[in-house]
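Structural overview
Next come the chains, spelled out residue by residue.
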Number of protein chains: 2
Amino acid sequence: MQRYLVFILLLLGTGFSSACSAWQTAEPAPLLVEKQSFTFENYTTVSGQTIPEVTVGWESYGELNEAKDNVILITHFFSGNSHAAGKYSADDPLPGYWDSIIGPGKAIDTNKYFVISSDTLVNAFPHDPNVITTGPASINPVTGKPYGLDFPVVTIRDFVNVQERLLASLGIQQLHAVVGASMGSLQALEWAVAYPDKVERMVSVIGAGAMDAWTIMALEHWARPIRNDPNWNNGDYYDDDAPLTGVTSTLAMITQQAMHPIIMNMRAPKPEVMPAAMLESVTNSSPVLDYLFANSAVRAPLADANHLLYLVRANQLFVAGHEESLANGMAKVQAKTLFLPASNDLLLQPYLAQQAVAALQEQGQEPQYEEIEGVWGHLDGLFSIGSKAETLKTFIESE
Amino acid sequence: MQRYLVFILLLLGTGFSSACSAWQTAEPAPLLVEKQSFTFENYTTVSGQTIPEVTVGWESYGELNEAKDNVILITHFFSGNSHAAGKYSADDPLPGYWDSIIGPGKAIDTNKYFVISSDTLVNAFPHDPNVITTGPASINPVTGKPYGLDFPVVTIRDFVNVQERLLASLGIQQLHAVVGASMGSLQALEWAVAYPDKVERMVSVIGAGAMDAWTIMALEHWARPIRNDPNWNNGDYYDDDAPLTGVTSTLAMITQQAMHPIIMNMRAPKPEVMPAAMLESVTNSSPVLDYLFANSAVRAPLADANHLLYLVRANQLFVAGHEESLANGMAKVQAKTLFLPASNDLLLQPYLAQQAVAALQEQGQEPQYEEIEGVWGHLDGLFSIGSKAETLKTFIESE
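The rules behind the values
Residues numbered from 1 in each chain as written. Chains lettered and ligands numbered in written order. Predicted model: local features only at pLDDT ≥ 70, side-chain atom pairs only at ≥ 80, totals over all residues. Heavy atoms only, no water. UniProt positions renumbered as here; feature names shortened; annotations may be inferred. Axes fitted to C-alpha atoms, helices over the stretch in contact; angles between N-to-C directions. Helix = DSSP H or I, 4+ residues; strand = E, 2+ residues; numbered from the N terminus. Parallel < 35°, antiparallel > 145°, perpendicular 65-115°, else oblique. Left-handed = near helix turned anticlockwise from the far one by under 90°. Contact = heavy atoms within 4.5 Å. Nonpolar A, V, L, I, M, F, W, Y, C, P; charged D, E, K, R; others polar. Least-squares fit on C-alpha atoms with pLDDT ≥ 70 in both. Buried area = accessible area lost by both parts, 1.4 Å probe. Salt bridge = Lys/Arg side-chain N within 4 Å of Asp/Glu carboxyl O. Pairing = 2+ DSSP bridges. Buried < 20%, exposed > 50% of the residue type's maximum accessible area, 1.4 Å probe, protein only. Right-handed = clockwise from strand over helix to strand, strands pointing away. Phe/Tyr/Trp six-rings, centres within 6.5 Å; stacked < 30°, edge-to-face > 60°. Lys NZ or Arg CZ within 6 Å of the ring centre and 35° of its normal.

An unreviewed UniProt entry lists chain A under the name Probable acyltransferase, with Pseudidiomarina atlantica given as the organism. In UniProt, chain A has this text filed under Subcellular location (unreviewed entry): "Cytoplasm". As recorded by UniProt, the Subunit (unreviewed entry) comment attached to chain A reads in full: "Homodimer."

What follows is the structure in structure tokens.
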């Protein structure tokens, strides 16, 4: 995922890399982290099927105290992984995605808390050497071959259940907080519903309480380029060429939709006026299109087409608690809650977080709600999170 | 395109059909219209190529006066055609798309004005029996076969130039106004730039002055499902199966993105909680997905895959005037101008109309600007246009 961040860096241009230099200056000795791995056997999914062996990667920042009650879990977004903070080595070009709020003295203070982050099941980029996940691209021990579509459909609750096993293996029974952005926010909220007595604080960044029809359809558009790629072959492509054309289209769509026009137009090349190539053929590209698609094409081989389909489905199936209604799920929440949607988010618009807030209020709860302002759109949940550092710190350190 | 409107009706559900009944009650004798056809030879495109024969359909409402100076041109949107008002027969289920503002005594009053609307080049639905267009699916007189990708790339300026020929054939040299929504707004603005001395008033509904990088990318996502469909065969599929899987994905994407979540969630089935089919396989569908994709699949055979690619490209290439900059183009406008973007539009957001307004203001012009409020998103430009009837009428009838 180092590489993933480098691609994001390439995509975003030089402004971001100077921001990165600033971080480096401010922090001459970066938090060094190490990817670890957790394996357990015979996991039964929400859909009632058994996965013989589950392995997921994880990393941590800060020290677990003796009482094991200073734990903050970070849950990752759709295209992300467990590298939330720090660097693997001092010369890594970029730190983890939320390094601006996780570290010594930061909003999520690693001098006080043991911060742990895990790769989800069916992570989008299983071929990234820094990702450890179990999904359709994993070897099915029964057949000795990749599962493909034999892998059971999994849900956000399954991601949470696997994290619960990981924490239990470390003797952790209680979460001071769980914090996640986007798909990570779904996991954070699901934690508060599924294990209400274990979760003291829950932070949902650019999140939702349940997927609505519009978003379920938007997610489906991410699946179709893969399913319509002849190389996909109904999920059975592991001995052959992967459906990289479809994966590239999917990644390009995700990138564009996660960014607000303001930032995209600032970063992308200026559209040319009457460019000869575009006028010559409808299939000719342009610098604007290359900017989006070339980066997606470079990232595509690190992704797995089936994993992307499983992630889409897990998100489409989400309603907090996976109960009859959002209200029924929310009735279980005992944690203090904080919701931080992004005002300019075009993907998971603030109304989705507001629905979750309203459902909690109807239960007599007092959820906290603030909007992140920024030009990034959905990605304000990652790149503008620093603007909510004080809010976060106060919430995390509250009684 | 009757059928197209019926599909929209199916998609929107019963609320819209009762609105339709209300119109029928209010207007027992509907404006009856007839599709007509205009052909001319040897059109040279902006890209410098010659199309031996161009034929486009058109229809009109109201009477052309003797001076031929009471003409209002209506230019159509991406998925639309020239059926802007009235019905082909009294028992048509629905009238043209802007019937709420075009007709006797309406905002665009057919008792005063001769309103004319034409199908564009490369119309998206050439296999709709009510559409008459010339594009890649047309027979190339040189080869006796469909053009396919031999058809030249065309621009919004080409659409306008063809309309100018049509009007000239009717002896019309002056437009009282040109009015269009979405892609129609691009044509309306291009008219005011390309033929400044012919256009007295210009109305841009849910429009833009120029495509920006973000929108060019968004449009590209509409092209990729077609280009990635193996049946597309580099545009040469007319003797074989059409790439309907790709076309269906494209139409589904357009439909979802043109609608705001508010209206989509009101109309679509409520997402099921943990539906057995979706949990069984990532390829299984759901009522929410069927709602979107089944309708798109029904419409797909009326569309042409290459035409959709050419339309995408025409829109991607748009900057008013097709000059070095938007300012250069806008400097030519002499018409009074009115811009009506939709507040909730997620496809062509109001900032795009605001850029055109700012460019005109910098030229010392006084463009008028109001936002359409509604729950439809981009489609507020069609379905909520009635809320701007007074503004429109005042503008159209102003000196």
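Additional details are given in the paragraphs that follow.
Observations concerning the packing of helix 5 (residues 213-227) of chain B against helix 6 (residues 244-258) of chain B
Residues and elements named next belong to chain B. Closest axis-to-axis distance for the helix 5/helix 6 pair is 7 Å, and the angle between their directions is 160°. Here helix 6 runs roughly antiparallel to helix 5, going by the angle between their axes. Considering the relative orientation of helix 5 and helix 6, their crossing is right-handed. Contacts from His221, Trp222, Pro225 and Ile226 of helix 5 reach helix 6 at Gly246, Val247, Ser249, Thr250, Met253, Ile254 and Gln257. Residue classes in the contact of helix 5 with helix 6 are distributed as six nonpolar, five polar and no charged.

Some words on the UniProt feature "domain: AB hydrolase-1" (unreviewed entry) in chain A
Under the local residue numbering, the UniProt record ascribes the feature "domain: AB hydrolase-1" (unreviewed entry) to residues 150-255 of chain A. Annotation note: span residues 150-255 of chain A, helix share 50%, strand share 9%, distance between end C-alpha atoms 29 Å.

Notes on the relation of the copies chain A and chain B
The two chain copies are connected by a rotation around an axis plus a translation along it. Rotating chain A by 180° and translating it 0.0 Å along the rotation axis places it on chain B, where the RMSD comes to 0.0 Å. Between the two chains, the operation in question is that of a two-fold axis. No C-alpha of chain A lies nearer the rotation axis than that of proline 225 of chain A, which sits 3.2 Å from it. Both copies contact each other with a shared surface, as 100% of the interface residues of chain A are interface residues in chain B too.

Observations concerning the interface of chain A and chain B
The interface is formed by 60 residues belonging to chain A together with 60 residues belonging to chain B. For the chain A face of the interface with chain B, the top three residues by lost area are Trp214, Met217 and Val282 of chain A, together amounting to 14%. Counting every contact that joins chain A to chain B gives zero salt bridges. Ranked by the residues each element gives to the side of chain A that touches chain B, the list is headed by helix 5 (residues 213-227) of chain A, at nine residues.

Considerations on the sheet that holds strand 3 (residues 71-75) of chain A
As a general point, the strands of a sheet are linked pairwise by backbone hydrogen bonds and lie either parallel or antiparallel. All names here are of chain A. Taken together, the eight strands give an open sheet; going across it, the order is 1-2-6-3-9-10-11-12, and neighbouring strands pair in mixed fashion. Each end of this open sheet is capped by a strand with a single partner; those strands are strand 1 (36-44) and strand 12 (368-369). Of the pairings in the sheet, the one linking strand 3 to strand 9 (residues 177-181) comprises four bridges and is parallel in character. Residue pairing for strand 9: leucine 73 is matched across the bridge by valine 178. The strands touched by helix 3 (residues 156-169) are strand 1, strand 2 (50-61), strand 3 and strand 6 (114-118); relative to strand 1, the strand with the most contacts, the crossing angle is about 120°. Together, strand 11 (336-340) and strand 12 form the strand contacts of helix 12 (residues 350-362), whose direction differs from that of strand 11 by roughly 160°.

Here we look at the pairing of strand 10 (residues 201-205) of chain A
All names here are of chain A. Of all the five residues making up strand 10, five are buried; the element is thus mostly covered by neighbouring parts of the structure. Here strand 9 runs beside strand 10; their pairing, made up of four bridges, is parallel. Bridged to alanine 181 within strand 10 is valine 205. Taken together, strand 9, helix 4 (residues 183-194) and strand 10 constitute a β-α-β crossover, and its handedness is right-handed. The sheet contact formed by strand 10 and strand 11 spans five bridges and is parallel. Paired with arginine 201 across the bridge in strand 11 is lysine 336.

Comments concerning the sheet that holds strand 1 (residues 36-44) of chain B
Residue and element names in this part refer to chain B. Here eight strands make up an open sheet; going across it, the order is 1-2-6-3-9-10-11-12 and the pairing mixed. Each of the sheet's edge strands pairs with one partner strand only, and the pair in question is strand 1 and strand 12 (368-369). Sheet strands in contact with helix 3 (residues 156-169) are strand 1, strand 2 (50-61), strand 3 (71-75) and strand 6 (114-118), and its direction is about 120° off that of strand 1. Seen against the sheet, helix 4 (residues 183-194) touches strand 3, strand 9 (177-181) and strand 10 (201-205) and runs at an angle of roughly 150° to strand 9.

Focus on the pattern of salt bridges
Residue and element names in this part refer to chain A. For the structure on display, the rule yields 24 salt bridges over all chains. The residue arginine 157 makes a salt bridge to glutamate 190 at a minimum N-O spacing of 2.6 Å. Taken as a pair, arginine 157 in helix 3 and glutamate 190 in helix 4 lie far apart in primary sequence, 33 residues in all. Where salt bridges share partners, they join Lys35, Glu59 and Asp119 into one cluster.

Comments concerning the packing of aromatic side chains
Within the structure shown, the criterion is met by 20 aromatic pairs over all chains. When the centroid spacing of 4.8 Å and the interplanar angle of 90° are considered together, the rings of phenylalanine 77 of chain A and tyrosine 97 of chain A count as edge-to-face. Here tyrosine 97 of chain A lies in the loop between strand 3 and strand 4 (102-103) and phenylalanine 77 of chain A lies in the loop between strand 3 and strand 4, a separation of 20 residues in the sequence. The exposure classification of phenylalanine 77 of chain A matches that of tyrosine 97 of chain A, with both residues buried. Judged by centre distance (6.0 Å) and plane angle (75°), the rings of phenylalanine 40 of chain B and tyrosine 43 of chain B are edge-to-face. A single burial state applies to phenylalanine 40 of chain B and to tyrosine 43 of chain B, both of which are buried. An aromatic cluster of at least three residues, connected via ring pairs, comprises Phe38, Phe40 and Tyr43 of chain A. Over the aromatic face of phenylalanine 293 of chain B sits the side chain of arginine 224 of chain A, whose NZ or CZ is 3.8 Å from the ring centroid.

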